[in-house]
Amino acid sequence: MTAGQRSGAALRQASHELAGGVARRTVELAEIPGPTGWEGARRERVRSWWQQDGWADVQADGAGNLWARVRPGGQPAVILAAHLDTVFDEAVDHRVRRDGTLLRGPGVGDDSIGVAALSAVGRLLADAGGRTPVWLVATVGEEGLGNLRGITEVVRQQRVPLAAVVAIEGNYLGRVANVGVGSVRWQVTVSGPGGHAWEQYNAPSAVHAAARMVSGLAALSRRGAGSGAGGRAAVNVGTFSGGEAVNARARRAAFLVDLRASRAAALRELEARARRILGAPPADVTVEVEELGRRPAGELAASHPLA
């Protein structure tokens, strides 16, 4: 065996061991429930890993993110981030099973494997040398109504000057995303006078009014709302509730709306159209819109060196 062959074999062995460690940690983390807002147990498991790996400054910030420095330096830093929370709560069976070379279980790809891979990537960068500081951050508040609380704090904080932020997601092996999809989330509450379904058949129903609004919002997606401002846009009503009885004109209905667009101008246009639909209820019906979350849209040029 030549020196080059020995070097290649050693590299393959080292890569296999590194990947195996990531897989083991993925299973370990994925089997710990961590819905948005309840990431503490997962954070402490990751803290134990990073302390074991010998990283410096392993500590949580005020938002609940966990930080670790893997390469020092006096320049602005590169942040490698992955989110701790998942969409699944304790009621879901979190056991992970192996299916050939696949790991199957809730939250494995989104984003347990991303978090598990952070330290491995940090080791590669630390061993490669270089003067640019590198930090790992396991973030909170990514899913659902978390409103990107964790990564927003990473960008806003002043302790570590930023050169770049790279988010690691486990579902897209081999893919680099350069578009951040923006969103606006609302809770819409529709109220009416109510009445008996037969005796007050002319009374407006909050459920009927809300259903017409939902239909109008759904049509925005079908018409490609936001296309005039460029980019892609979509509307989803994820939950709907209301009414008091089968023979009563409903006094209340409520639903959750998710507006999304790939560009800021498209999101503004979509939001304006949606508000016009909600702003024209029948007589004697009121509509209250509560904003639950807002994520800005952004895009990095595909030609940018980071991409």
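This text follows the structure it describes.
1. Describing the overall build of the protein chain
Logical step 1: On a plain count of helices and strands, the protein chain comes out with six helices and 15 strands.
Logical step 2: For the C-alpha atoms alone, the extent of the protein chain along its principal axes is close to 90 × 40 × 40 Å.
Logical step 3: Residue pairs in contact within the protein chain that sit at least 24 positions apart in sequence constitute 75% of those at least 6 positions apart.
Logical step 4: Treating the 36 positive side-chain charges of the protein chain as one cloud and the 30 negative ones as another, the clouds have centres 5 Å apart.

2. Remarks on the sheet that holds strand S13 (residues 252–261)
Logical step 1: Spatially, four strands are ordered S11-S13-S9-S14 in an open sheet, and the strand pairing comes out antiparallel. Of all the strands in the sheet, the pair left with one neighbour each is strand S11 (233–242) and strand S14 (286–295). Sheet twist, expressed as the average angle between the axes of neighbouring strands with direction ignored, equals 20 degrees.
Logical step 2: Relative to S13, S11 is paired through nine bridges, and the arrangement is antiparallel. Paired with valine 237 across the two strands is valine 257, which belongs to S13.

3. Re the pairing of strand S3 (residues 77–83)
Logical step 1: Burial analysis of S3 places six of its seven residues in the buried class, the great majority of the element.
Logical step 2: Bridge analysis of S3 against strand S6 (residues 134–139) gives six bridges, and the strand direction is parallel. Bridge pairing in S6 places histidine 83 opposite threonine 139.

4. Description of the environment of leucine 136
Logical step 1: Mapped onto the secondary structure, leucine 136 falls in strand S6.
Logical step 2: Not counting residues up to four positions away in its chain, the partners in contact with leucine 136 are Trp50, Trp55, Leu66, Trp67, Ala68, Val70, Leu80, Leu118, Ser119 and Gly122.

5. Quick look at the packing of aromatic side chains
Logical step 1: Scanning all chains against the criterion turns up two aromatic pairs.
Logical step 2: Relative to tryptophan 135, the ring of tryptophan 67 has its centre 5.8 Å away and its plane inclined at 80 degrees; by these criteria the two rings are edge-to-face. One end of the pair, tryptophan 67, is in strand S2 (residues 66–71); the other, tryptophan 135, is in strand S6, with 68 residues separating them in the sequence.
Logical step 3: By relative accessible area, which is 8% here, tryptophan 135 ends up buried.
Logical step 4: Between phenylalanine 240 and phenylalanine 255, the aromatic rings sit 6.0 Å apart at their centres with planes inclined by 5 degrees, giving stacked as the arrangement. Of the two residues, phenylalanine 240 is situated in strand S11 and phenylalanine 255 in strand S13; the sequence distance between them amounts to 15 residues.
Logical step 5: Exposure remark for phenylalanine 240: the relative accessible area of 38% places this residue in the partly exposed category.
Logical step 6: The exposure class assigned to phenylalanine 255 is buried, which follows from its relative accessible area of 1%.

6. A look at the sheet that holds S6
Logical step 1: Here five strands make up an open sheet; going across it, the order is S1-S2-S6-S3-S7 and the pairing mixed. The sheet terminates laterally at strand S1 (56–60) and strand S7 (162–167), the two strands that pair on one side only. Across this sheet, the average inter-strand angle for adjacent strands is 20 degrees, counted without regard to direction.
Logical step 2: Pairing geometry for S2 and S6, over five bridges, is antiparallel. Across the sheet, residue arginine 69 finds its bridge partner in S6, namely tryptophan 135.

7. What to know about helix H2 (residues 40–52)
Logical step 1: Spanning 13 residues, H2 covers 18 Å between terminal C-alpha atoms, matching the ideal 18 Å at 1.5 Å per step.
Logical step 2: Looking at the residues trailing H2, positive phi occurs at glycine 54, about 85 degrees.

8. Quick look at the side chain of threonine 26
Logical step 1: Along the chain, threonine 26 turns up in helix H1 (residues 3–30).
Logical step 2: Take threonine 26: its relative accessible area is 0%, and that puts it in the buried class.
Logical step 3: Apart from residues no more than four positions distant in its own chain, threonine 26 is found in contact with Leu103, Val108, Ser112, Ile113 and Ala116.

9. Things to note about unusual backbone geometry
Logical step 1: Cis geometry is adopted by the peptide bond preceding aspartate 111, which originates at aspartate 110 and carries an omega value of 10 degrees.
Logical step 2: Residue placement: aspartate 111 occurs in helix H3 (residues 108–128).
Logical step 3: Even without being glycine, leucine 148 reaches a positive phi, approximately 55 degrees.
Logical step 4: Inspection of the secondary structure puts leucine 148 in the loop between S6 and helix H4 (149–156).
Logical step 5: Leucine 148 sits in the buried class, given a relative accessible area of 18%.

Rules and cut-offs
- Residues numbered from 1 in each chain as written.
- Predicted model: local features only at pLDDT ≥ 70, side-chain atom pairs only at ≥ 80, totals over all residues.
- Heavy atoms only, no water.
- Helix = DSSP H or I, 4+ residues; strand = E, 2+ residues; numbered from the N terminus.
- Contact = heavy atoms within 4.5 Å.
- Lys, Arg positive; Asp, Glu negative; His and termini not counted.
- Charge placed at Lys NZ, Arg CZ, Asp CG, Glu CD.
- Pairing = 2+ DSSP bridges.
- Axes fitted to C-alpha atoms, helices over the stretch in contact; angles between N-to-C directions.
- Buried < 20%, exposed > 50% of the residue type's maximum accessible area, 1.4 Å probe, protein only.
- Phe/Tyr/Trp six-rings, centres within 6.5 Å; stacked < 30°, edge-to-face > 60°.
- Expected span 1.5 Å × (residues − 1).

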